[in-house]
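Observations on chain architecture
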Amino acid sequence: MKKRIILMMMVGLMSTSVFMSGCGKTGDDAVVEDDKDDDEDDDEDDDEDEDDDDRDDKDDDDNDDETDFRPSRPEIVKEIDSDTLLEQLKAFIDGREEWAGTMNGDDTVWRIGYCITDFDHNGRAELTVCREYDYAGYSGNVTYEISEDGKEFYQVSWNAPESDYTKDAFPDLINYGTLISYFDKENHEVHYLTQASFDNGNGNYGAVFEDTRLAAGAFDSEVYAAVVIQETVDQTSYESTYDYTYFSSDREISESEYYDIVNGYPEEVVTETRQLGFIQRWSYQDMYLKDMDDVSLKNALYDSYCVFNGTLDLYDFESMYELQSSVGEEQDLYADSVGMWSLYSSEVEGDIEYYDWESPYFKTIYVYNDNTLDLNEYEYGESVASYRSHFDTVNYYPMFWIDMLSELGKADEYGVEKYSYEIVGIYQQDNRDYMEIAFDGWDKYENWVCGSHLTFVRDEN
């Protein structure tokens, strides 16, 4: 788990610095400004029509054998209006058999998510299906876009770049749901800065930063920076050492050059943020979206697009569509979580690590009847920390913060000053009770830096 948290910390810090480097105007402003410039050019052209006609006549005479061709610019639509969106969503709902798959029966998939976007701002919605697998941190994206007549949809291809350091470079949309976008005025295109984490095995893993665009019915991504980490574990002390290699595309560069690229890309362009509202299911949950009734599915997809266009808060969306496990009877968290729970596994970027009392890093939670809980952390069998908190009765789920400055006196080397643990669900499987915990780390500016998904199992004693 340690190596994953380190990687997530790096990725979180880098994405924050990219955002901070953006200009103050929005991407929509860029479109308006570009159109305004075009209008002014048109006015000047009107004033000089007579001279232009004379020159055009001469050019036609001089170039009879050549074709005067200027590619047309794609139309940029600010947002899809409600009526148009509902009509387009009807096409997706009617054709749900094609895209609303299930993870049941596929043990390699541990999470799946669906979201509605308009990445290229052409007024035609896209539906993206993201699947994460429980090996090598691999994830895959399948995207469908509404046809020009708005009545059907077709699959859009993803052209993921390959490189010397990994073949798994698909943008990791479901884990990094907040994207930085910029408007390319020269080509009249919207670009997104995406990330992809990879694991090549044998302690070799890392992250790539990509420039992604949707154009002409295909997604294209170009890697502009990458970091590859080689971890070596001492089998006696369990201590890890790390070797870092940095790249610009496939060219090896220095660490300082790497951070210059990450912090300054893209330079001197207008940026804005876009969030993705994923309707998610985990491996232990019922994954059949195709069994949802039409109204519920329409509302969920509609709200997903509202997250993308900024009219619905992502937290509110996730609160509405955070589904509980359908395995067994619905449980009362207060009543059923009482007792001792021990760390069973951690999941970060598709990598699952299992634990027992002999594991180097281990945690236990004890829940009391008076709505308090204790979290205990162990390293190599010795207790290193213990925290107590009350249940969060407003949001119903137990949640508490650990302030490292007050508890330990300093932040860690990556700038994490607070940790949060939130119980997000309890379910039964194979006659045992499991508790899902979301673990996140935050810096002093309350930016997310790292995180993982923890599973605890109730002690049978």
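Along each chain, numbering runs from 1 in the same order as the chain's sequence is written. In keeping with the predicted nature of the model, local features appear solely for residues at pLDDT of at least 70, side-chain atom pairs appear and are counted solely at 80 or more, and the whole-chain, interface and lining totals rest on all residues. Excluded from the side-chain calculation are hydrogens and water; included are all heavy atoms of the structure.

Turning next to the confidence of the model for the chain. In the predicted model, the chain carries a mean pLDDT of 75, and 69% of its residues have values of at least 70. What pLDDT reports is the predictor's confidence in each residue, on a scale of 0 through 100. Helical segments are the DSSP runs of H or I of at least four residues, strand segments are the runs of E of at least two, and each set is numbered from the N terminus. Mean pLDDT values for the elements of the chain range from 38 in helix H1 (residues 2-20) up to 95 in helix H4 (residues 82-94). By definition, residues are in contact when any of their heavy atoms lie within 4.5 Å. Under a pLDDT of 50 for its full length, residues 324-331 has, in the predicted model, 16 contacts with residues more than four places off or in other chains. A low-confidence stretch, residues 393-398 stays under pLDDT 50, and its non-local contacts, those more than four residues away or across chains, total 18 contacts.

Another point: the pairing of strand S7 (residues 204-215). Burial classes: relative accessible area under 20% of the type maximum marks a residue as buried, over 50% as exposed, and values in between as partly exposed (1.4 Å probe, protein chains only). Among the twelve residues that make up S7, eleven are buried, leaving the element largely enclosed by the rest of the structure. Strand pairing requires that DSSP identify at least two bridges connecting the strands. Relative to S7, strand S6 (residues 189-201) runs antiparallel, the two sharing ten bridges. Counterpart to His-191 in the pairing with S7 is Arg-213. From the end of S6 to the start of S7, which pair antiparallel, there are two residues, and Asn-202 there has a positive phi angle of about 55°. Of the pairings in the sheet, the one linking S7 to strand S8 (residues 218-233) comprises twelve bridges and is antiparallel in character.

This next bit is on the environment of Thr-364. Relative to the helices and strands, Thr-364 is located in strand S15 (residues 361-367). Classification of Thr-364 by relative accessible area gives buried; the value is 2%. Measuring from C-alpha to C-alpha, the distance between Thr-364 and Phe-456 comes to 7.9 Å, with 92 residues separating the pair along the chain. Not counting the four nearest positions on each side in its chain, Thr-364 is found in contact with Met-340, Trp-341, Ser-342, Trp-357, Asp-374, Leu-375, Asn-376, Tyr-378 and Phe-456.

Structural elements are reduced to axes, namely lines fitted to C-alpha atoms, with helices fitted over the stretch in contact, and the angle between N-to-C directions of any two is expressed from 0 to 180 degrees. Packing of helix H7 (residues 294-308) against helix H8 (residues 314-321) leaves a shortest axis separation of 10 Å and a crossing angle of 160°. Classed by the angle they form, the pair H7 and H8 counts as roughly antiparallel. The interaxial crossing formed by H7 with H8 has left-handed handedness. Counted together, Asn-299, Ala-300, Asp-303, Ser-304 and Val-307 of H7 and Leu-314, Phe-317, Met-320 and Tyr-321 of H8 form the full contact between these two elements. Its residues placed into classes, the contact of H7 with H8 shows six nonpolar, two polar and one charged. Working definition: roughly parallel below 35 degrees, roughly antiparallel above 145 degrees, roughly perpendicular at 65 to 115 degrees, and oblique for all remaining angles. Crossings are sorted by hand: turned counterclockwise from the far helix by less than a right angle, the near helix makes the crossing left-handed, and turned clockwise it makes it right-handed. Residues were grouped as follows: Ala, Val, Leu, Ile, Met, Phe, Trp, Tyr, Cys and Pro as nonpolar; Asp, Glu, Lys and Arg as charged; and all remaining residues, including Gly, as polar.

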